[in-house]
Amino acid sequence: MGTVKLAFTESFVKLVYAVGDLPPDRWGMDDATRLRIALLGLRAVLSEEGMEEFIKSGLFNEREIKHMKDVQKVLSYLTKAFYGILPLWVVGVVSLRDKRRIGGVFLIGGFLGLLLVLLSLLLSFLNYDALFEKFHNIVFDPYSWRFFDQDTLLRVYPMRFWFVSTLLAGILMLILSSVSLLVGLLLRKSR
């Protein structure tokens, strides 16, 4: 969830636009405008004020607005779960008191994180469109997130945007999982 939180930042969206080699807009919208609108969409899923700005912009149709409200809800639930579970995890780990047992927690977490991210990256490279569709059909109403090519959301967040975002988030998760494994190994070896 920490990786997801980092992916939903202005810096991350700007990074994807900078390195993502996104296809040009078929209707002539320049990248600076697309980025500005993409950041508007980001603010919409992060706050009520951002959502109001998103709706008032007049750039999005009702389907797009509904989908972004759905994304906002999902992110809100995930954020609450993350901040609710994190203190419990910290208390649980600290209560172990034994460095070797704490190291075991980090080892298991790092190993599971690596497994998850490697599976996600493998599936992304094999057939990203199918992975994207399955994910969206599980998390959202299967008919609420499909848009026409000329819809603003697809113009500012083309599939290439999501593919590159997944790769960058995967790299970050690989790093974090590797650090967890290293910390776990060091703690397990300590006396």
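What comes next concerns the included structure. By convention here, each chain's residues receive numbers from 1 onward along its written sequence. Totals for whole chains, interfaces and linings use every residue, but because this is a predicted model, local features are given only for residues with pLDDT of at least 70 and side-chain atom pairs only at 80 or more, for both listing and counting. With hydrogens and water excluded, all non-hydrogen atoms of the structure serve as input to the side-chain values.

## Quick notes on the overall build of the chain
- Looking only at helices and strands, the chain has 8 helices and 0 strands in total.
- Sequence-ordered secondary structure for the chain, helices as α and strands as β, is α-α-α-α-α-α-α-α.
- If you line up the chain on its principal axes, its C-alpha atoms span 65 × 35 × 30 Å.
- Residues classed as buried in the chain amount to 35% of the 191 residues present.
- Counted over contacts in the chain with a minimum sequence separation of 6, partners at least 24 positions apart contribute 72%.
- For the accessible areas, the method is Shrake-Rupley and the probe is 1.4 Å, while residue cover comes only from the protein chains on display. Total accessible area on the chain is roughly 11,800 Å²; 67% of this is exposed by carbon and sulfur atoms. What counts as a helix is a DSSP run of H or I of at least four residues, what counts as a strand is a run of E of at least two, and both are numbered from the N terminus. Relative accessibility decides the category of a residue: with a 1.4 Å probe and only protein chains considered, values under 20% of the type maximum give buried, values over 50% give exposed, and everything between is partly exposed. Contact between two residues is taken to exist if any of their heavy atoms lie within 4.5 Å; hydrogens are not considered.

## What about the packing of helix H2 (residues 10–19) against helix H3 (residues 31–46)?
- Under this scheme, a helix contributes an axis fitted over its contacting stretch, all axes are lines through C-alpha atoms, and angles between N-to-C directions fall in the 0 to 180 degree range. At a minimum axis distance of 10 Å, the contact between H2 and H3 shows a crossing angle of 150°. The angle between H2 and H3 falls in the class roughly antiparallel. As for how H2 packs across H3, the hand of that crossing is right-handed. Seen from H2, the contacting residues are Glu-10, Val-13, Lys-14 and Tyr-17; seen from H3, they are Asp-31, Arg-34, Leu-35, Ala-38, Leu-39, Leu-42 and Arg-43.
- Ten residues, namely Ala, Val, Leu, Ile, Met, Phe, Trp, Tyr, Cys and Pro, are considered nonpolar, four, namely Asp, Glu, Lys and Arg, are considered charged, and the remaining ones, Gly among them, are considered polar. Taken together, the residues of the contact of H2 with H3 sort by class into 6 nonpolar, no polar and 5 charged. Our angle categories are set so that under 35 degrees counts as roughly parallel, over 145 as roughly antiparallel, 65 to 115 as roughly perpendicular, and the remainder as oblique. Crossings are sorted by hand: turned counterclockwise from the far helix by less than a right angle, the near helix makes the crossing left-handed, and turned clockwise it makes it right-handed.

## Focus on helix H6 (residues 99–139)
- Taking 1.5 Å of rise per residue, the 41 residues of H6 would be expected to cover 60 Å, yet its terminal C-alpha atoms sit only 38 Å apart, more than 12% below that figure.
- Roughly 120° is the biggest bend found in H6, and it falls at Asn-127.
- Taken together, the buried positions of H6 are occupied by Ile-102, Gly-103, Gly-104, Gly-110, Gly-113, Leu-114, Val-117, Leu-121, Ser-124, Tyr-128, Phe-132 and His-136.
- For H6, the elements touching its buried residues are helix H5 (62–96) and helix H8 (159–189).
- We define a polar contact as two N or O atoms separated by no more than 3.5 Å, with the added condition that, inside protein, one atom must be a possible hydrogen donor and the other a possible acceptor, whereas residues neighbouring each other in sequence contribute only through side-chain atom pairs. Residue Asp-98 occupies the N-cap position of H6, its side-chain oxygen lying 2.7 Å from the main-chain nitrogen of Arg-100. Here a helix's expected span is defined as the number of its residues, less one, multiplied by 1.5 Å. One fitted axis covers the seven residues ending at a residue, a second covers the seven starting there, and the bend at that residue is the angle between these axes.

## A word on a nonpolar patch on the surface
- Like-charged residues within 9 Å of one another, or nonpolar side chains (Val, Leu, Ile, Met, Phe, Trp, Tyr) within 5 Å, are grouped into patches, provided each residue has over 30% relative accessible area and no salt bridge. The salt bridge definition used is simple: a Lys or Arg side-chain nitrogen within 4 Å of an Asp or Glu carboxyl oxygen. Taken together, the side chains of Tyr-83, Ile-85, Leu-86, Trp-89, Val-90 and Val-94 define a hydrophobic patch exposed on the protein surface, amounting to about 580 Å² of accessible area.
- Looking at where Tyr-83 falls in the secondary structure, it is placed in helix H5.

## Considerations on the packing of H2 against H8
- Between H2 and H8, the least distance of the axes is 10 Å, while the angle of their chain directions is 115°. Comparing their axes, H8 and H2 come out roughly perpendicular. In this structure, H2 meets H8 at a crossing whose hand is right-handed. For the pair H2 and H8, contact is made by Phe-12, Val-13, Leu-15, Val-16, Tyr-17 and Val-19 and by Phe-161, Val-164, Ser-165, Leu-168 and Ala-169, respectively.
- Here the residues of the contact of H2 with H8 are counted per class, giving 10 nonpolar, 1 polar and no charged.

## Things to note about the nonpolar core
- Counting 35 residues, the largest nonpolar core has Val-13, Tyr-17, Phe-54, Phe-60, Leu-153, Val-156 and Phe-161 as the members making the most contacts within it.
- At the level of elements, H2, H3, helix H4 (48–56), H5, H6, helix H7 (152–156) and H8 are the ones that each hand at least two residues to this core.
- Looking at this core element by element, the count peaks at 7 residues for H3.
- If we ignore the near neighbours within four places in the chain, the residues touching Tyr-17 are Leu-22, Asp-31, Arg-34, Leu-35, Ala-38, Val-156 and Phe-161. Each nonpolar core is a collection of buried residues, namely Ala, Val, Leu, Ile, Met, Phe, Trp, Tyr and Cys, held together in the definition by side-chain atoms within 4.5 Å.

## Let's talk about the packing of aromatic side chains
- Aromatic rings from Phe, Tyr and Trp, taking only the six-membered ring of Trp, are treated as a pair when their centres fall within 6.5 Å; an angle between ring planes under 30 degrees marks them as stacked, one over 60 as edge-to-face, and anything in between as tilted. Inspection of every chain in the model, using the stated rule, returns 11 aromatic pairs.
- Judged by centre distance (4.9 Å) and plane angle (85°), the ring pair of Phe-161 and Trp-162 falls under edge-to-face.
- Every member of this aromatic cluster is reached through a ring pair, and the members are Phe-125, Tyr-128, Phe-132, Trp-145 and Phe-163.

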